[in-house]
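Structural characterization, general
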Amino acid sequence: MSYLVPSEFVTKMVDAGESKIFMSTRDTVIRAYMAGAILALAAVFAVTVTVQTGFPIIGAILFPVGFCMLYLLGFDLLTGVFVLTPLALIDKRPGVTIGGVLRNWGLVFVGNFLGALTVAVMMAVVFTYGFSTPPDKVGTVISHIGENRTLGYAQYGAAGMLTIFLRGMLCNWMVSTGVVGAMISTSVSGKVIAMWMPIMLFFGMTFEHSVVNMFLFPSAMLMGGNFSVMDYMIWNELPTVLGNLIGGLAFTGLTLYATHVRTAPKRRLPQPHLQPAE
């Protein structure tokens, strides 16, 4: 499967982060838009399979198909650029600045949100026959997800906020591992296998992914979910974004970079003591 050793694929991570910072605004937004849309469709697919089978694990097993598609096509998720672009800054690549990193994050956020929102509107129309009927089984489940993962956290106050944040951290630990997985191999099959495993884990554990939520919550609101935009932003999206940023960068980006690119000096073996000549 043409496996690359860590020192090789971590260098590719830094290169990828640098290229994304210098990408044009148009290309950045289009790629982010398509990533948000495809991931939203994958979320619909996973929820639909869960409703049809009654087994959430089957939805988790199949959800990574969307993630693999969008990364094989070269599209960008916010959770991925959270990890890759800071590495180019830390590596002191020429012309890379904090402003450039923040610009990339902002554009990818907007593109992801617009793509996910487009699918949210389209699927809300599908689930309600153009808003002429109540939502079907899948639409009802999605609307309840929106309520449970906003008001459900809010009822616990600070403890609920901490829970969202930690779920966001754990999510992007796994999702960013999937992003790295796309660089571990030079073959399509190798990339897919390496991406599939951590993405399946995050979805099966119901961790909080900021881009998936950009679809779930607007879609739920369109289909009658009993929560507000402020509930969504304060009790899900914002703490999830922060958790995604810290979790992915701390657990994946910095650990790989520190131990495979900017490594510590190797330990020296103790020198044997020579016996003085008699």
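This one's a predicted model, so the numbers in the text were calculated from it and none came from an experiment.

Our focus in this paragraph is the packing of aromatic side chains. A complete count under the given rule lists 8 aromatic pairs for this structure. Aromatic side chains Phe67 and Tyr71 sit 4.8 Å apart centroid to centroid with 45 degrees between the ring planes, which places their arrangement in the tilted category. With Phe67 and Tyr71 both in helix H4 (residues 64-72), this residue pair falls 4 residues apart, about one helical turn. For Tyr71, a relative accessible area of 15% puts it in the buried group. Between the aromatic rings of Phe217 and Phe227, the centroid separation amounts to 6.0 Å while the plane-to-plane angle is 85 degrees, which identifies the pairing as edge-to-face. Taken as a pair, Phe217 in helix H11 (residues 210-222) and Phe227 in the loop between H11 and helix H12 (229-260) lie far apart in primary sequence, 10 residues in all. Here Phe217 and Phe227 have matching classes, each one buried. Three or more aromatic residues joined by ring pairs make a cluster, and in this case those are Phe63, Phe202 and Phe203.

Attention shifts here to the UniProt feature "transmembrane region" (unreviewed entry) in the protein. UniProt records the feature "transmembrane region" (unreviewed entry) for residues 30-51, 57-84, 105-131 and 241-259 in the present numbering. The annotated region residues 241-259 carries 100% helix and 0% strand content, and the separation between its end C-alpha atoms amounts to 26 Å.

Our focus in this paragraph is a nonpolar patch on the surface. Where nonpolar side chains cluster on the molecular surface, the patch consists of Phe45, Phe55, Ile57, Ile61, Leu62, Val65 and Met69 and spans about 580 Å² of accessible area. At the level of elements, helix H3 (56-62) and H4 are the ones that each hand at least two residues to the nonpolar patch. For the nonpolar patch, the element with the highest residue contribution is H3, accounting for 3 residues. Tracing the backbone shows Val65 in helix H4. Of the residues examined, Val65 reaches a relative accessible area of 31% and is grouped as partly exposed.

It is worth spelling out the nonpolar core at this point. Grouped together as the largest cluster of nonpolar side chains are 72 residues, with contacts concentrated most on Met13, Phe63, Phe67, Ile142, Phe202 and Phe215. In terms of residue count, the dominant contributor to this core is helix H2 (residues 25-53) (11 residues). Leaving out residues up to four positions away in the same chain, Phe63 has contacts with Leu39, Ala42, Ala43, Ala46, Ile199, Phe202, Phe203 and Val212.

What counts and what doesn't
Residues numbered from 1 in each chain as written. Predicted model: local features only at pLDDT ≥ 70, side-chain atom pairs only at ≥ 80, totals over all residues. Heavy atoms only, no water. Phe/Tyr/Trp six-rings, centres within 6.5 Å; stacked < 30°, edge-to-face > 60°. Helix = DSSP H or I, 4+ residues; strand = E, 2+ residues; numbered from the N terminus. Buried < 20%, exposed > 50% of the residue type's maximum accessible area, 1.4 Å probe, protein only. UniProt positions renumbered as here; feature names shortened; annotations may be inferred. Patch = residues over 30% accessible without salt bridge, like charges linked within 9 Å, V, L, I, M, F, W, Y side chains within 5 Å. Areas by Shrake-Rupley, 256 points an atom, 1.4 Å probe, with all protein chains shown as cover. Salt bridge = Lys/Arg side-chain N within 4 Å of Asp/Glu carboxyl O. Core = buried A, V, L, I, M, F, W, Y, C linked by side-chain atoms within 4.5 Å. Contact = heavy atoms within 4.5 Å.

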